[in-house]
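# Coordinates in review
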Amino acid sequence: MRPLSSQAHVPKRAAGFRSRRRLAHDDPRGCPRRENARNRHTIGLTRRTYAGWLVAIVGAATAWSGIQDSDPAAPLLIHESTTGAQLFLVPEQPGNANCYALVDPAAKQAAVIDPGGRSSQAMADYLRSRGIRVRYVLITHAHTDHVSHLDYYLTHTQADVVIHPVELQLLRDRRKSNGHDPDGLDARGCLLRTDEQTIEFAHVRLKALLIPGHTLASLAYSWVGEDIVFSGDALFRGSIGRTDLPGNAGEACLVAYIRAKLLSLDDRVRVLPGHGASTTIGRERTANPFLRDERRTKRPAAPNRQPDDSGKQ
Ligand SMILES: [Zn+2]
C-alpha cells in the first residue's frame, strides 16, 4: 500500500475538472485598473479603452469559468493504491451523503459507495466521461440520503447492488410505497450473504462489516490492503450515528459493534464516513466521546454530532 503521506491527504481535482480559479485570480489582467475607467470618461473611446474593455471581458469570462470549474460537486481524487486503484469523493450536498467511488483505471471498472442525489450524479457523470463501467453499487444502509440516486444505476448500468438483506427489505418496501417498481432492485439481487463477505473487481478487494445500531443492518466496507474503511453513518469524526430514528438498533448495540468491528482495526486506518470529514481509527479511539470510556453508559454531550444527519429517513 502506498502510505497516506500528508500530500496524499490533500484532495486533488479529478482529471477533466481542472480548476482555473488560480488563473482567474492570479492574472492581473483579470482585474482592470481604475485608471482605465477614468480614461474612458475623459478622453473617449481610445484604443487604450478598447483594450481595457477587452481585458475586462476576458477577465470576467475567465473568472466565471473559474467559478464553474470550482463546482463543489466535482469528484476529488483522495487516494491512490500501489496497484493503481483510485479513490474519488464527491462531498455531501444538501440532502445526501458523501459519495465515494473506487476506480481501477486499467480495467476501467468501478464501485460506487452510497449513491445519494447530486453527489452521486456528479460521480456518475465523471465515471461515464472516462468510460468506466460501474461493477458494484455498495450501500451502507437504506436511509434516503444514501440511496436516492440508486435508480440511475439500476437504469443506466448493469451494476450489482450490495446491501444487507434486512436493509434491502426496507428499501424495497419504501420504493413500493413511493410508487417505484421494486422489480429493478430485485433483479439485481443482494450479493451480501454473510458478514465479512468480500467483494472483488479488478485489483480492488473490499470486505463488508456488519455494524447495526444506526439502522438494523448497516454495513461498513473495509478496503483490503489499503488501511481505509468506509463507515457509513456508524462512525463519524468525533461522533457516532444517530440512534433515535425509526428502525435503529440502539446506541449500546452501535457502540458495541463499532468497538468489535472498527476499533479492532489498526490506529492508522483512515475512516471515511457517510457525512463530514475523514478521521482515523486511532483518533476516534482516543478522542471520540462516545467511545473513549468503555465504562461510560450515559450519552455525553455531542457538539460534533452530525447536524446534517437530522431528519434522515
Ligand atoms: Zn443514516
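Presented here is a report on the structure given in the accompanying data block.

Definitions and cut-offs
Residues numbered from 1 in each chain as written. Predicted model: local features only at pLDDT ≥ 70, side-chain atom pairs only at ≥ 80, totals over all residues. Pairing = 2+ DSSP bridges. Helix = DSSP H or I, 4+ residues; strand = E, 2+ residues; numbered from the N terminus. Core = buried A, V, L, I, M, F, W, Y, C linked by C-beta atoms within 7 Å. Buried ≥ 20, exposed ≤ 12 C-beta atoms within 10 Å, placed from the backbone. Contact = placed C-beta atoms within 7 Å.

### A word on the sheet that holds strand E15 (residues 279-280)
One key point about sheets: their strands pair by backbone hydrogen bonds, in either a parallel or an antiparallel sense. Overall, mixed pairing links the 6 strands, which are arranged E8-E9-E10-E11-E14-E15 in an open sheet. Each of the sheet's edge strands pairs with one partner strand only, and the pair in question is strand E8 (198-201) and E15. Note: strand E14 (residues 270-273) against E15, 2 bridges, orientation antiparallel. The residue bridging Arg-270 from the neighbouring strand is Thr-280, located in E15.

### Regarding the pairing of E8
In the sheet, E8 pairs with strand E9 (residues 204-210) via 4 bridges, with the strands oriented antiparallel. Within E9, the position partnered with Glu-200 by the bridge is Arg-205. A loop of 2 residues connects E8 with E9, the two strands running antiparallel in sequence, and Ala-202 in this loop sits at a positive phi of about 45 degrees.

### Brief notes about the nonpolar core
Core analysis: the biggest nonpolar cluster contains 68 residues, and Tyr-100, Ala-101, Val-112, Met-123, Val-137 and Ile-258 have the highest contact counts within it. If near-sequence neighbours (up to four positions away) are discounted, Tyr-100 is found in contact with Leu-87, Phe-88, Leu-89, Ile-113, Phe-230 and Leu-272.

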